[in-house]
Amino acid sequence: MTQSVIAAGKFCLILGGFVGFSGAFIFGIMAGSDVSSAILEASFGCLAGALLMKGFVHVFYNSIRSAAVEKSKEKDRLDDKTATGQESMAALS
């Protein structure tokens, strides 16, 4: 993997953790929990958000990688067909 892909993955992991922490903390305070309880719940929200975001990014990158591989294989297959077809046409002439 390139450095930019790794950096993007780290950024998404941190972003997921931040969103998970913020959301769980805000909902904890809105539910009437005291601050220490809300922070404890938010720490679990941070972990859950980071792991979910990591999973989503992993699926996203794998789908892009597999699409690129399939496109490359299809291009190679078409190139082989074209080369074989041109040789056949030359033999007929």
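Refer to the structure above for everything that follows.
The shown structure was predicted, so the numbers you read here are calculated from the model rather than taken from an experiment.

Engineer: Which residues make up the pattern of salt bridges, and what values do they have?
Structural biologist: With the rule as written, the count across this model stands at 1 salt bridge. With its nearest N and O atoms 2.5 Å apart, the salt bridge here joins glutamate 74 to arginine 77. Of this pair, glutamate 74 and arginine 77 both sit in helix H2 (residues 35-92), 3 residues apart, roughly one helical turn.

Engineer: Before we move on, could you go through a nonpolar patch on the surface and cite the residues and values that matter?
Structural biologist: Side chains of Phe11, Leu15, Phe18 and Val19 sit close together on the surface and give an oily, nonpolar patch of about 430 Å² of accessible area. Mapping leucine 15 onto the fold places it in helix H1 (residues 3-30). We classify leucine 15 as partly exposed; its relative accessible area is 35%.

Engineer: Give me H1: which residues, what numbers.
Structural biologist: A rise of 1.5 Å per residue sets the reference length of H1, with its 28 residues, at 40 Å; its end C-alpha atoms lie 40 Å apart and thus fit the reference within 8%. Inspection of H1 places Cys12, Gly16, Gly17, Gly20 and Gly28 among the buried residues, and these make up the whole buried set. Directly beyond the C-terminal end of H1, a positive phi value near 95° is found at glycine 32.

Cut-off values and rules
Residues numbered from 1 in each chain as written. Predicted model: local features only at pLDDT ≥ 70, side-chain atom pairs only at ≥ 80, totals over all residues. Heavy atoms only, no water. Salt bridge = Lys/Arg side-chain N within 4 Å of Asp/Glu carboxyl O. Helix = DSSP H or I, 4+ residues; strand = E, 2+ residues; numbered from the N terminus. Patch = residues over 30% accessible without salt bridge, like charges linked within 9 Å, V, L, I, M, F, W, Y side chains within 5 Å. Areas by Shrake-Rupley, 256 points an atom, 1.4 Å probe, with all protein chains shown as cover. Buried < 20%, exposed > 50% of the residue type's maximum accessible area, 1.4 Å probe, protein only. Expected span 1.5 Å × (residues − 1).

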